Amino acid sequence: MRRAALIALPFMWLLALFLVPFLIVAKISLSDIALAIPPYTPTLDLSRGWEGITDWVTGLDFENYIFLTTDSLYWKAYLSSLQIAVLSTLMTLAVGYPIAYAMSRAADEWRPTLLMLVILPFWTSFLIRVYSWKAILAQEGFLNQLLLSIGIISEPLTILNTNIAVYIGIVYTYLPFMVLPLYAALEKLDDSLLEAAEDLGCSRMKAFWLITVPLSKQGIIAGSFLVFIPVMGEFVIPTLLGGSDTLMIGKVLWEEFFSNRDWPVASSVAIILLAILIIPIVLFIKNEEKQWESEV
Amino acid sequence: MRRISWFNATSLTLGFAFLYIPMLVLVIYSFNANKLVTVWAGFSTRWYGELFRNEAFLDAAWVTLRVALVSSTLATVLGTAAAYVLVRGGKFYGRTLFSGMLYAPLVMPDVILGLSLLLLFISIGLDRGMMTIVLAHTTFSMAFVAVVVTSRLVAFDRSLEEAARDLGCTRWDAFRSVTLPIISPAVISGWLLGFTLSLDDLVIASFTSGPSATTLPIKIFSAVRLGVSPEINALSAILIGIVTVGVITTSLISKRAIMKRIAEENRADT
């Protein structure tokens, strides 16, 4: 009996506040925009009985999805989000792997401190860490001041409000999400495997590619998903660091909802984004479960 | 002890420089007397003073703190129950759906979660305010609590629970007197994680808050959207300071606990 209650409580919560909301989004994505409160039509009117339900069903259509395919803004935004997400995941992996590797090779008494140094930014406000780059990358910002004063450049560089700033912001804020799973995987690596490989005539580079990388596969997968999936829908970074030509779907959705007040179109943008992300999300959850099962 | 190679030392130095220089610059320049944030004009605590006289920021901070306290506590209860059920509960109808719903918010983009929750609140006619933010934050913090607690649950020896059951404990007694003390570090870190996530969240709070409740991230975002502001630098420095003190304290405490355990094990060996 207690077991049933224990299951039911979180289960009901998630059904009501996670699954049902998605069904509502799906339904509104099939509605039309209207000058009313709420600003869409048709609304389900149960007081009119059966007629109310049939009117509601016949009022739904795929018009918004057709609209999304005809206006190039949307598919360009999806493609550009995909490009930014893929490239920045690879960059974060390239920056994060050497850090995680060096942490896992460090002396035992150093590791807790190093781990703390990675976790600390992770606990610090995301918004503030994105904001901190504004003052650094601006036209009259610290980076330009530094480069000008040592004479590397003669004209200030324009970085803020471009896609370069967006990439820097993503790599910076998502780096701990990449380093932590990589470190967890690399820490378990048995040194004797590498020694054996070297004894058998492998160069260190070859041993790294043949042993270290494959054995840290789960960390690479987990870290990449933890970066790729949220970045696809990122809103804060492109808004604060990107320019007017930075197209990302999270920003489009936000503007559609808050500026244009077009709830049906915003909902269909969300549904398509979800459809794109559903496979990576399922793969991510599977990967996590596999990891736990291997530990049992 | 292994000697650290020059390559590893370089990657650590560069990596940590990259992680810390932006925050350091922000903290240093929060003491800049100049209104132009990037031009140094001498040391001053002027912006801290202005920040504490700004009622709107203080109100928002108070709202944020209350939302974080309530939502992380709810999330800890629900997330721990969910993790326990998934690891120990065996098979039950809808298990895959359950774990899918539980873990999806870990990576789900905030804009989707925010939009869907807002549309739910509107369709059931719930007025937007602190309550709706709490409901929203609990839902996504739950996932993080569940992950942290799950990793602890799979790691610990199940026979301890079984021994308690054999000795006549009910399932609930065994949970309370054996399982809970063992997983409590994970439950506490889950709570802390939920608390910070709630303090930090901008996107979901923007969707689910109403005019009656503005959180600190919403205020910060509207202040920095168009440029840098010295008051926000002061606020950022305070928040960075709190987190630094908190993280260092907890890691010192856990380090002492580990040392104590090692010392006890050594004593037991001799």
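Residues numbered from 1 in each chain as written. Chains lettered and ligands numbered in written order. Predicted model: local features only at pLDDT ≥ 70, side-chain atom pairs only at ≥ 80, totals over all residues. Heavy atoms only, no water.

An unreviewed UniProt entry annotates chain B as Ornithine carbamoyltransferase originating from Sinisalibacter lacisalsi. Within the UniProt record for chain B, the comment given under Sequence similarities (unreviewed entry) is "Belongs to the binding-protein-dependent transport system permease family. CysTW subfamily." Among the UniProt annotations of chain B, the heading Subcellular location (unreviewed entry) holds the following wording: "Cell membrane". (UniProt positions renumbered as here; feature names shortened; annotations may be inferred.)

Going by what an unreviewed UniProt entry lists, chain A is known as Putrescine/spermidine ABC transporter permease and is assigned to Sinisalibacter lacisalsi. Its UniProt record, at the heading Subcellular location (unreviewed entry), says of chain A: "Cell membrane".

Observations regarding the UniProt feature "domain: ABC transmembrane type-1" (unreviewed entry) in chain A
Using the residue numbers shown here, the UniProt feature "domain: ABC transmembrane type-1" (unreviewed entry) corresponds to residues 78–284 of chain A. Overall, residues 78–284 of chain A shows 78% helix and 0% strand. The separation of its end C-alpha atoms is 21 Å. (Helix = DSSP H or I, 4+ residues; strand = E, 2+ residues; numbered from the N terminus.)

Quick word on the packing of aromatic side chains
Applying the stated rule across the entire model yields 31 aromatic pairs over all chains. Their ring planes at 75° and their centres at 5.4 Å tell us that phenylalanine 208 of chain A and tryptophan 209 of chain A sit as a pair that is edge-to-face. Put simply, the rings of Phe235, Trp254, Phe257, Phe258 and Trp263 of chain A together with Phe207 and Phe221 of chain B pair up and form one aromatic cluster. Sitting over the ring of tyrosine 172 of chain A, arginine 129 of chain A keeps its end group 5.7 Å from the ring centre. (Phe/Tyr/Trp six-rings, centres within 6.5 Å; stacked < 30°, edge-to-face > 60°. Lys NZ or Arg CZ within 6 Å of the ring centre and 35° of its normal.)

Examining the side chain of serine 71 of chain B
Within the secondary structure, serine 71 of chain B is located in helix α3 (residues 55–88). Residues in contact with serine 71 of chain B, not counting those within four places in the same chain, are Val134, His137, Thr138 and Ser198 of chain B. (Contact = heavy atoms within 4.5 Å.)

Observations regarding the pattern of salt bridges
One pass over the full model with this rule turns up seven salt bridges over all chains. Close ionic contact of glutamate 187 of chain A with arginine 111 of chain A constitutes a salt bridge, the shortest N to O distance being 3.8 Å. One end of the pair, glutamate 187 of chain A, is in helix α8 (residues 163–187); the other, arginine 111 of chain A, is in helix α5 (residues 111–123), with 76 residues separating them in the sequence. Overall, the relative accessible area of 40% leaves glutamate 187 of chain A in the partly exposed class. A salt bridge links glutamate 50 of chain B to arginine 46 of chain B; the shortest N-O distance between them is 3.9 Å. Pair noted here: glutamate 50 of chain B and arginine 46 of chain B are both in helix α2 (residues 46–53), with a separation of four residues, about one helical turn. On the accessibility criterion, glutamate 50 of chain B (31% relative accessible area) is partly exposed. One salt-bridge network, in which partners are shared between bridges, spans Asp108, Arg111 and Glu187 of chain A. (Salt bridge = Lys/Arg side-chain N within 4 Å of Asp/Glu carboxyl O. Buried < 20%, exposed > 50% of the residue type's maximum accessible area, 1.4 Å probe, protein only.)

Section: the UniProt feature "domain: ABC transmembrane type-1" (unreviewed entry) in chain B
As recorded in UniProt, the feature "domain: ABC transmembrane type-1" (unreviewed entry) lies at residues 61–253 of chain B. What you have in residues 61–253 of chain B is 80% helix and 0% strand, and the ends, taken at the C-alpha atoms, are 28 Å apart.

What to know about the nonpolar core
Counting residues in each nonpolar core, the largest one holds 163 residues, and the members touching the most others are Val236 of chain A together with Met108 and Phe207 of chain B. For this core, the leading source of residues is helix α6 (residues 130–155) of chain B, giving 13 residues. Apart from residues no more than four positions distant in its own chain, valine 236 of chain A is found in contact with Phe126, Leu127 and Val130 of chain A together with Leu202 and Val203 of chain B. If you look at the next biggest cluster of nonpolar residues, it comprises five residues, including Leu189, Leu194, Ala197 and Ala207 of chain A. (Core = buried A, V, L, I, M, F, W, Y, C linked by side-chain atoms within 4.5 Å.)

Considering empty space enclosed by the protein
Tallied over the entire structure, the rule returns one cavity of 30 Å³ or more. What the largest cavity holds in volume is close to 30 Å³. Around the largest cavity, the lining residues are Phe22, Val25, Ala270, Ile271 and Leu274 of chain A together with Ile112, Leu115 and Ser116 of chain B. Those elements that provide at least two residues to the lining of the largest cavity are α1 (2–28) and α14 (263–295) of chain A together with α5 (110–123) of chain B. Counted by class, the lining of the largest cavity contains seven nonpolar, one polar and no charged residues. (1 Å grid on protein atoms, 1.4 Å probe; cavity = no way out; pocket = protein on both sides within 12 Å on 5 of 7 lines; lining within 4 Å. Points joined across faces, edges and corners; volume = space filled by probe spheres on them. Nonpolar A, V, L, I, M, F, W, Y, C, P; charged D, E, K, R; others polar.)

A word on the packing of α3 of chain B against helix α8 (residues 171–200) of chain B
Relative orientation and spacing of two packed helices are given, respectively, by the angle between their axes and the distance between those axes. Residues and elements named next belong to chain B. Contact geometry of α3 with α8 gives a least axis separation of 8 Å together with a crossing angle of 140°. Accordingly, the angle class assigned to the pair α3 and α8 is oblique. Regarding α3 and α8, the two cross each other, and that crossing is right-handed. Contacts between α3 and α8 involve Thr64, Leu65, Val67, Ala68, Leu69, Ser71, Ser72, Thr73, Thr76, Thr80 and Tyr84 from the former and Phe175, Thr179, Ile183, Val187, Trp191, Gly194, Phe195, Ser198 and Leu199 from the latter. Looking at the contact of α3 with α8 residue by residue, the classes come out as eleven nonpolar, nine polar and no charged. (Axes fitted to C-alpha atoms, helices over the stretch in contact; angles between N-to-C directions. Parallel < 35°, antiparallel > 145°, perpendicular 65-115°, else oblique. Left-handed = near helix turned anticlockwise from the far one by under 90°.)

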